[in-house]
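# Survey of secondary and tertiary structure
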Amino acid sequence: MFIFSNLATSLDGKIATRDRSLFPLGTPADRRQMHVLRGRADAILMGASTLRTHRRFCHAQGAKKQPINVILSRDLAGISPEWDFFREPAVSRLLLLTEPLSPARARRFSRSSELVVLPRGAARRSPAPAIIRLLEERGVKRLLVEGGGTVLWHFVKDNLLDEYHVTLTPRLLGGAEAPTLVDGAGFSPSEVVNLRLKSLKRLGDELFLVYAKTRKRGR
Ligand SMILES: NC(=O)c1ccc[n+]([C@@H]2O[C@H](COP(=O)([O-])OP(=O)(O)OC[C@H]3O[C@@H](n4cnc5c(N)ncnc54)[C@H](OP(=O)(O)O)[C@@H]3O)[C@@H](O)[C@H]2O)c1
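What comes next concerns the included structure. Numbers given to residues run from 1 along each chain, matching the order in which its sequence is written. Where totals are concerned, whole chains, interfaces and linings use all residues; where local detail is concerned, this predicted model gives features only for residues with pLDDT of at least 70, and gives and counts side-chain atom pairs only at 80 or more.

Let us look at the overall build of the protein chain. A helix here means a DSSP run of H or I that spans at least four residues, while a strand means a run of E at least two residues long, and both kinds are numbered starting from the N terminus. Each helix and strand in the protein chain was counted, giving five helices and nine strands. Seen in sequence order, the protein chain has helices and strands lined up from the N terminus as β-α-β-α-β-β-α-β-α-β-α-β-β-β. For the protein chain, the C-alpha radius of gyration of 17 Å lies close to 17 Å, the compact-globule estimate for 219 residues. C-alpha extents for the protein chain along the principal axes are approximately 50 × 40 × 35 Å. The exposure scheme places C-beta atoms from the backbone and then counts, for each residue, the other C-beta atoms within 10 Å of its own, assigning buried at 20 or more, exposed at 12 or fewer, and partly exposed in between. Here the protein chain, with 219 residues, has 32% of them falling under the buried criterion. Considering only residue pairs separated by 6 or more positions, the protein chain has 75% of its internal contacts joining residues 24 or more positions apart. All radius of gyration figures rest on C-alpha atoms, and the globule criterion is 2.2 Å times the number of residues raised to 0.38. Contact definition: two residues whose C-beta atoms, as placed from backbone geometry, lie within 7 Å.

A separate point is the sheet that holds strand β4 (residues 93–97). Whether two strands pair depends on DSSP finding at least two bridges between them. Taken together, the nine strands give an open sheet; going across it, the order is β5-β4-β3-β2-β6-β1-β7-β9-β8, and neighbouring strands pair in mixed fashion. This sheet does not close on itself; its edge strands, each paired only once, are β5 (114–117) and β8 (193–203). Within the sheet, the average angular offset between the axes of one strand and its neighbour, ignoring direction, is 20 degrees. As paired strands, strand β2 (residues 43–47) and strand β6 (residues 142–147) are joined by four bridges and run parallel to one another. What sits directly across from M46, in β6, is G147. Set on the sheet, helix α5 (residues 149–157) makes contact with β1 (2–9), β2, β3 (68–73), β6 and β8; between it and β6 the angle comes to about 135 degrees. Structural elements are reduced to axes, namely lines fitted to C-alpha atoms, with helices fitted over the stretch in contact, and the angle between N-to-C directions of any two is expressed from 0 to 180 degrees.

Functional significance is not addressed by these values, which are geometric in nature.
Take a look at the structure:
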């Protein structure tokens, strides 16, 4: 499976403000690019925290076939099946959980979505291998990870991403608690992931960067 990400960051590497509220960082050019990349994906993966902020499904404007919207969550706490995300008939939804829901709640979500409880241990270890296996079984060949930083970490940890699309926006968000492109536990010096710059495009004050995976870890 080819795995790629697409996120907009501030100059200081943040993907949202410290309160994690909805704040589109990029310009319309960035959003156009987002639709192009979504159009190349069979599935889009997001963390539940991103869903709680946006509440909307992810679609690829102009694409013939819409990517499956995949959400990772422990138990969908604070998420309502009434949100816009669950209402678009053209998009199929896959909810990946690490805890089973009560039968009544499972029934409400399964009206619009497929629910899968990941194998035990996926929550403690990285859930990424189980997610990849499951999506491959459903014919997904290209997975777009749209974030946030917590979900990105699960894939970055084992260097599973083939390509990183990053829009560097001319903003400073600050905040030690604000989410960054990759959060999680972080690396020790010998584990650091090294990338190769594949392309770079400037549009106005934004830089569109594409980095590719290398096998080099550490210094
Ligand atoms: N600038 C951009 O391009 C961009 C893109 C995407 C998101 N964002 C922003 O990023 C912020 C969210 O990022 P984030 O890092 O806080 O959160 P996130 O990665 O979107 O989601 C984290 C959530 O994913 C679930 N999760 C993560 N690991 C799990 C595991 N091992 N097992 C089960 N569930 C797991 C948990 O959901 P539960 O809590 O439900 O258990 C967790 O709270 C938002 O402000 C959003 O707007 C920005």
